[in-house]
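Examining the three-dimensional arrangement
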Amino acid sequence: MLYYYYATDGQQYGPGTVEDLQACFEGGMLDATCLVYGEGFADWITLGEIPDLMARLAPKPKPPPPPTGFRPPPPSLPKPKAAPAAPPLPQAAAAAPATTVAAAAPAPEPPAPKKPDEGVGFWTEKKTCDLVAYYYNTKTGALTWDCPDELKSEADASENAGNWAFIPDDEEGWVPARDIGGGNFQLLNGRTKKVKLKRGQKLLPLSYSSLGRSQSDLVLLDSLDEGLILHNLRERFKRNEIYTAIGGILIAVNPFKRLPLYSPERIEMYHKRGNKQMPPHPFLITSIAYNNILELQIDQSILVSGESGAGKTETTKQCLSFLAEVAGSVNNIEQRVLSANPILEAFGNAKTVRNDNSSRFGRFTEVLLDGSLRIAGAEVKNYLLEKSRVASQGPQERNYHIFYQMCLGAEAEQYGLTHPQYFNYLAQSGCYEVEGMDDVHEFEDVMGAFSLLGFEESKQQSIMSIVAGILHLGNVHFTPDTAGASDGSLIDPETMPSAQWAGREFGVDEESLQRALVNRTMHIRGQGDLTVPLRVEQALENRDALAKFVYDRLFDWLVERINASLRPAGGSAGARFIGILDIFGFEIFETNSFEQLCINFTNEKLQQLFNEDTFKNEEAVYRAEGVDFPPIEFIDNQPVVDLIEQRGGILTILDDIVRGPGKLEQKDAKLSQTLDKQFGPNSFFVPANQHRGLRGVTAFSVKHYAGQVCYNVSGFVLKNMDTLFPDLYELMSGASNGFVASLFPPKTEEGRKRTLGSVFKKSLLELMSKLRSTEPQYIRCVKPNPEKRAGSFSGGMCLEQLRYAGVFEAVRVRKNGYPFRYAFEAFLRRYKVICAMSGRYRPLAPGAAKDQATELIARTGQAFETMQVGRTMMLFRADEYRILELCRALGVERTSAKIQAIARGRLTRRYVRKVKAVVPKLHAALESKDPAQLDAALALVSETLGVFAGFSIAVPIGEWQACKDMREMLALADRLDPMLEKYAYSDLSEDNNFELLFKTLKDAQKVYDFHPNERFDYLYTTGREQFEGWREYRLKPRFEEAMDLLERDQMLELYAEAKRLEYDHPALKEIESLVGLSEEALLKRQYQRAQATNQTNRAMEKEIELKELYLDAHGGMFNFQQCSVLRTPDEYASVCWIGKEAAAANMRVWSDKPIVQSLTEIDDPKVAKAAVRTFKSMLGFAGDKRFAYPDTLVTDIIGDGIGDEDLRVDIFAMIMKQLTQNPNQKSADRYWALLMICLLHFPPGPALENYVHIFIRKHAPGPYKEELTRQCHKAAYVNVAASPPTAEMIPELLSSAGIVDPRAARLSGAFNR
């Protein structure tokens, strides 16, 4: 008997014999819970329900152990073969005693017995639910992600062989390679590289199998080193998997292209993920923050960091869009929150060499949530706008987007603006456009955002006026004041209009602005005010300072105005919030100044927070759970923070220098000296005298957590002062434009003492305080290449950023600790299916969740030596996590297979019962052909069997489908019936009626097959007869004509028409063969058919076409100069007594001398003599010889040709000779005319015909080449003329042939060669 069965791997096998089942049972592939089906079984049943079969499969009991001292008899061995005879010994050896020989060759010891590998031969590959391969040993129960050796192919085994390591690479950071000895390594691409390690550099050991495993969480990697982390990120980037996690930290690699990762469907997927593990994504980070507020009632923050171009702005947008979609609001406030982006990006973002849309300010957006966790409002705080960009930009960079948007906007002319190239503040870099950015469209978005956020019309105009005023101000230039006594300056007269425009747009007195730009007023205590003229370079600095100051004030106002539009109506007190920080990353440039110090100090503070949250909180978790943990070591950057921030630190000293006495020009040097003196001994500070290669530059360095940065002190003091000369400040404060004046309120004493550093430090302290009050989430953005090119991953550049971001530290700390933590209940929910690993589910013992979790671990049969059981959770590392996931995958596989088998069996039985109940009703409805009865039967089936439609057991029911088809055909018959009646009896000679009948018949064909009723069958057969008769009437004559002509296009058209109309004509097969012929073969068939059907003219045309094809292919054979019909030059000149050489040379080219004899062989002496005479007539006709009446000579020439065939050949040879190298255009024109006249009266003859054709092709004048060719062909088919033409007939002859009479007009114009 044969059996089908489900094995423990969940797969169905069979049919198999009892012996097959017994082998599977012994190998662990079958047990008592497995399902079996055999002949006579009503359904699948378990093996345990068949005692007889189980008795045959179960292993026999082992015999009792033998008594002590008992030894089983040795097995019978085959008789050993006789040893071969020993070879004769050498003479010396033979003389020695036998004992000596034996001593010299002691018997070798037997090899040590090998311990058998019990698992060999039992490994099998399996797949997780996500189709990831893993491997299970059916005998030992071992599980692994690595492919066992016995399952590897020879290619895999050879590829894995050898020692692998990550080797340093200047461009890629670290690359995997195989050690091939001598310091040489073979890369994955086969290239060999010599490795010379620098001091302190080491190779990173690598297991080759690790390269094939890409992990979405870095803590799951096999090793902690930089090489494998970088490789993992690179491989994921290649697959457009740009997001990777380190526990709860997200790494985002900018792809520089659009990816389908941000749709509303994906937002929904992350929002409603439940307990499902989702791939890393900003949506996941934002979702965690949002859920934490709901569950923990703690404010959240998302810290997005990275260098310019790493994608911080885009990542921030995705976080905001997720919140807007998920949280929503009752008053559409989330759309207003998103509308702030176009404004902030236009005024705060610019194109840099690193990023086309670089955010040039720090930004902390608080999204406020009400009690129902809907968005109630938002608040934006900005930090450190890059003001210097307003006045200057580097190569291939742009100013802020808004300037270009206004220049190209619809209202540009209103503000005196034109193309950006005409403005100094925009033209410095030569970069005016950004690929993929439409400035006009972006400006429309900005104006729309203004309206949506409730900006008043007057305020919008004032904003635009300020932007335009800054651009005009930048066009103001200065010249030295040669007339004044002091070293002052004046506004360049050529740029005076720009100064006037700036004054009007700012709403200030134009003359006052002009004075304030070139002068400053000093308030001297006890002496009054003193006006100091400014030199040209000082005036330029003054101009730029005003532009930067105005723009900075405008930007601060915009942020505050946006906040006013987004604040909740009832205020923000008590509201929870999710803060999103988009902040500049750590910066190390060739020249670093005060801005970089502030930026890097910000990153020091954020890194400090990161350390506290990632490392210190890690320890707190372990202490709370009461588990042992290794000491967590990390780089504490508190000394660097103190160096910059503490009282007496760099920022404090800088403020003291600003407020202290002394000339501004000398304060930078004083700052440098003070810093060196104060911090010289500090190990994190490098004084000026320890910098090599910096000539004329005063600098100091700070050893930041991300690396040492050298700061150029020049300009520190001025930038920290962040002030404007009183003249300009007071002028702007008194502007007639109230909006402009509001940006420059009267200064207070506190405001005068305030420095940029102190303001920044205060803002940063407030930010850090705010962040520490939240539970932070981290997103580290990485820029993969400097060219901003999609698909390019520069490992060296990414490695540097990952070091700056503290990624490697975070991975090390998380991996050395216990990165996987599940509360006991959550642990049981995820891994409870492990109870079914053995193939049968065995529930856990009742008890506390902690006890059940411990029992579950024991059930796996795996050694989890480092797993910790805490007070509230299970804590384990990546190795344990991998094994647990493998156990879970095996449990899921076995459980789901059994569940599916049982479910299918039960559903199938129910399905069959219901099918049997409805089939008779379907039969009855089908035979009735009654629509109502069919509808009722189909409704019954849908109601009865519809629930099974989604299951694989729901096989098609023939009767059900037949009823649906019949119902459909009955409805179609009702629709087609009147159409058949109308067109079957219509006038089918009209194309429209004929086509409509054909279409209707095609639609009715499938209905007719069902024979819905007699009337329909009659109408269909009548219409079919009418159609076929008219089809025959229409197509048969066309086929007769096409088969007579055999024209390819005509046959193809008719073939297609016949196929369309389903007309089976006997000629179709022939057409299929004919249209596949070559052009020459088809022409021959056309010629033969024309001859067979007596189409004389067509036969001639086809023969001519064949001739043309022949000449196209073989024209090179018929060169007049090599014509075999002609005499050889020597033969031709042999009749001459003198001048033989001249005669031979002129035989085949033009000459005004008579020929010495015929050009061709002519047997008849009279005819040969006539040939010489005829040539003289030609010379006279063409004007090469004087003759009184040259036109009359044509009659003689043609008459001679008519009279003799041999002379005709010679005449054509003479004409071609005279047309070769003819220096006289008029003479050549008359010879061409003579050629046409000859062709009109007689042919060239078979011997010369092809030569004449090729001569015409190569040399005939363009307009008449076609006429001469045609007449040359026709001449071969007409009889020789009876008589020559008279001189009076020549004009008419030439005109009818399309040739201009050379006597009436020069042919040189017409015969344009």
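Given the structure is predicted, the values throughout are model-derived calculations rather than measurements.

**Topic: the overall build of the protein chain**
Along the backbone of the protein chain there are 50 helices and 31 strands. In terms of overall dimensions, the protein chain is more spread out than a globule: its C-alpha atoms have a radius of gyration of 50 Å, far above the 34 Å expected for 1313 residues. Expressed as lengths along the three principal axes of its C-alpha atoms, the size of the protein chain is roughly 135 × 130 × 115 Å. The contacts in the protein chain between residues at least 6 apart in sequence include a share of 66% that link residues at least 24 apart. If you sum the accessible surface of the protein chain, you get close to 66200 Å²; carbon and sulfur atoms cover 52% of it. Taking the 152 positively charged and 171 negatively charged side chains of the protein chain as two groups, their mean positions are separated by 6 Å.

**Focus: the sheet that holds strand 10 (residues 184-187)**
Ordered in space as 11-10-9-8-12, the five strands form an open sheet in which the pairing is antiparallel. Bordering the open sheet on either side are strand 11 (192-194) and strand 12 (204-206), each of which pairs with just one other strand. Neighbour-to-neighbour, the strand axes of the sheet open up by a mean angle of 45°, direction not taken into account.

**Considerations on the environment of Ser 1283**
The residue Ser 1283 is located in the loop between helix 48 (1262-1275) and helix 49 (1290-1296) in this model. Separated by 321 residues in the primary sequence, Ser 1283 and Ala 962 have C-alpha atoms spaced 87 Å apart. Contacts of Ser 1283, omitting those with residues within four sequence positions, involve Ile 1202 and His 1241.

**Some points on the side chain of Ser 565**
Within the element layout of this structure, Ser 565 appears in helix 18 (residues 536-566). We classify Ser 565 as buried; its relative accessible area is 8%. Within polar-contact distance, the side chain of Ser 565 engages the backbone oxygen of Leu 453 at 2.6 Å. Those residues within four positions of Ser 565 in sequence are excluded, and the remaining contacts are Ile 333, Arg 336 and Leu 453.

**Notes on the nonpolar core**
Core analysis: the largest hydrophobic core is formed by 219 residues, its most contacted members being Phe 347, Ile 402, Phe 403, Phe 450, Ile 463, Ile 470 and Phe 827. What Ile 402 contacts, discounting residues up to four positions off in sequence, is Ala 346, Phe 347, Phe 443, Val 467 and Tyr 551. Membership of the second largest hydrophobic core comes to 66 residues, among which are Ala 1143, Trp 1150, Leu 1248 and Tyr 1251.

**Considering the pairing of strand 27 (residues 707-712)**
Taken together, the six bridges between strand 26 (residues 699-704) and strand 27 define a ladder with antiparallel strand orientation. By the bridge assignment for strand 27, Phe 700 is matched with Tyr 711. What sits between strand 26 and strand 27 in their antiparallel hairpin is a turn of two residues.

**As for the packing of helix 40 (residues 1096-1114) against helix 47 (residues 1249-1259)**
One way to put it is that helix 40 packs onto helix 47 with a least axis distance of 11 Å and a crossing angle of 70°. Judged by the angle between their axes, helix 40 and helix 47 are roughly perpendicular. From helix 40, Lys 1107, Glu 1108, Tyr 1110, Leu 1111 and Asp 1112 reach across to helix 47, where they touch Glu 1249, Asn 1250, His 1253, Ile 1254 and Arg 1257.

**Thoughts on unusual backbone geometry**
Positive phi, close to 55°, is recorded for Lys 929, a residue that is not glycine. In this structure, Lys 929 sits in the loop between helix 32 (878-928) and helix 33 (931-945). By relative accessible area, Lys 929 is classed as partly exposed at 30%. Backbone geometry places Asn 1094, a non-glycine residue, at a positive phi of 60°. Looking at the element boundaries, Asn 1094 is found in the loop between helix 39 (1079-1092) and helix 40. Judged by its relative accessible area of 68%, Asn 1094 falls in the exposed class.

**Description of the pattern of salt bridges**
For the coordinates displayed, the defined rule picks out 55 salt bridges. With a shortest N-O distance of 3.6 Å, Arg 623 and Glu 619 are connected by a salt bridge. Taken together, the residues Arg 623 and Glu 619, both in helix 19 (residues 594-625) and four residues apart, mark about one turn of the helix. According to the relative accessible area criterion, Arg 623 is exposed, its value standing at 53%. Here Glu 619 falls in the buried class, since its relative accessible area comes to 18%. One salt bridge connects Asp 935 with Arg 967, and the closest N-O pair in it is separated by 2.7 Å. Of the two residues, Asp 935 is situated in helix 33 and Arg 967 in helix 34 (residues 958-984); the sequence distance between them amounts to 32 residues. Given the relative accessible area of 23%, Arg 967 is considered partly exposed.

**Regarding the packing of helix 35 (residues 991-1008) against helix 36 (residues 1014-1045)**
Interhelical geometry of helix 35 versus helix 36 gives an angle of 135° and a closest axis separation of 10 Å. What the angle tells us is that helix 35 and helix 36 run oblique. Read as a crossing pair, helix 35 and helix 36 show a hand that is left-handed. Note on element contacts: helix 36 touches helix 35 through Phe 1016, Asp 1017, Tyr 1020, Thr 1021, Gly 1023, Arg 1024, Phe 1027, Trp 1030, Arg 1031 and Arg 1034, opposite Asp 991, Phe 994, Leu 997, Phe 998, Leu 1001, Ala 1004, Gln 1005, Val 1007 and Tyr 1008. Grouping the amino acids of the contact of helix 35 with helix 36 by side-chain chemistry returns eleven nonpolar, three polar and five charged.

**Re the sheet that holds strand 30 (residues 868-869)**
The antiparallel open sheet is built from three strands, whose spatial order is 29-31-30. Because the sheet does not close on itself, it has two edges, and the strands there are strand 29 (820-823) and strand 30. Where strand 30 and strand 31 (residues 873-876) come together, two bridges link them in antiparallel fashion. Bridge assignment links Gln 868 to a residue of strand 31, and that residue is Leu 875.

**Here's the deal with the confidence of the model for the protein chain**
Atom-level detail of predicted coordinates should not be read off regions where pLDDT is low. Summing up the model confidence of the protein chain, the mean pLDDT is 85 and the portion of residues at 70 or higher is 91%. A low-confidence stretch, residues 62-118 stays under pLDDT 50, and its non-local contacts, those more than four residues away or across chains, total three contacts. Within the model, pLDDT remains below 50 along residues 1305-1313, and this stretch shows 24 contacts once partners closer than five positions in the same chain are excluded.

**Here we look at the packing of aromatic side chains**
Under the definition given, this model contains 39 aromatic pairs. With a centroid separation of 6.1 Å and 85° between ring planes, the pair formed by Tyr 262 and Phe 283 is classed as edge-to-face. Linking Tyr 262 in the loop between strand 14 (249-253) and helix 7 (264-271) with Phe 283 in helix 8 (residues 282-296), this pair joins segments that are 21 residues apart in sequence. Judged by relative accessible area, which is 26%, Tyr 262 ranks as partly exposed.

Reading guide: rules and limits
- In every chain, residue numbers begin from 1 and rise along the written sequence.
- Where totals are concerned, whole chains, interfaces and linings use all residues; where local detail is concerned, this predicted model gives features only for residues with pLDDT of at least 70, and gives and counts side-chain atom pairs only at 80 or more.
- Hydrogen atoms and water are omitted, and side-chain values are computed over all heavy atoms in the structure.
- Note on conventions: DSSP H or I runs of at least 4 residues are helices, E runs of at least 2 residues are strands, and numbering of each starts at the N terminus.
- What the globule rule says is 2.2 Å times the number of residues to the power 0.38, and the radius of gyration is computed from C-alpha atoms.
- The contact definition used throughout considers only heavy atoms, calling two residues in contact when any of these lie within 4.5 Å.
- Residue exposure ignores everything except the shown protein chains as possible cover, and the areas themselves are Shrake-Rupley values with a 1.4 Å probe.
- When charges are tallied, Lys and Arg are placed among the positive residues and Asp and Glu among the negative ones, while His and the ends of the chain are skipped.
- Where a charge sits is defined by one atom per residue type, namely NZ (Lys), CZ (Arg), CG (Asp) or CD (Glu).
- Pairing between strands is defined by DSSP: at least two bridges between the two strands are required.
- Angular values range over 0 to 180 degrees, each being the angle between N-to-C directions of two axes fitted as lines to C-alpha atoms, with helices fitted over their stretch in contact.
- Burial classes follow relative accessibility: with a 1.4 Å probe on protein chains only, a residue under 20% of its type's maximum area counts as buried, one over 50% as exposed, and anything between as partly exposed.
- Nitrogen and oxygen atoms within 3.5 Å of one another constitute a polar contact, given that in protein one can donate a hydrogen and the other can accept it, and given that sequence-neighbouring residues count only through two side-chain atoms.
- As used here, the term nonpolar core means buried Ala, Val, Leu, Ile, Met, Phe, Trp, Tyr and Cys residues forming a set that is joined through side-chain atoms within 4.5 Å.
- The scheme is simple: roughly parallel for angles under 35 degrees, roughly antiparallel for over 145, roughly perpendicular for 65 to 115, oblique for anything else.
- For salt bridges, the criterion is a side-chain nitrogen of Lys or Arg within 4 Å of an Asp or Glu carboxyl oxygen.
- Should the near helix be turned anticlockwise from the far one by less than a right angle, the crossing is left-handed, and should it be turned clockwise, the crossing is right-handed.
- Ten residue types, Ala, Val, Leu, Ile, Met, Phe, Trp, Tyr, Cys and Pro, are classed as nonpolar, four, Asp, Glu, Lys and Arg, as charged, and the remainder, Gly among them, as polar.
- A residue's pLDDT is the predictor's confidence in that residue, given on a scale from 0 to 100.
- Aromatic rings from Phe, Tyr and Trp, with only the six-membered ring used for Trp, were paired whenever their centres fell within 6.5 Å, and each pair was classed as stacked if the ring planes differed by under 30 degrees, edge-to-face if by over 60, and tilted otherwise.

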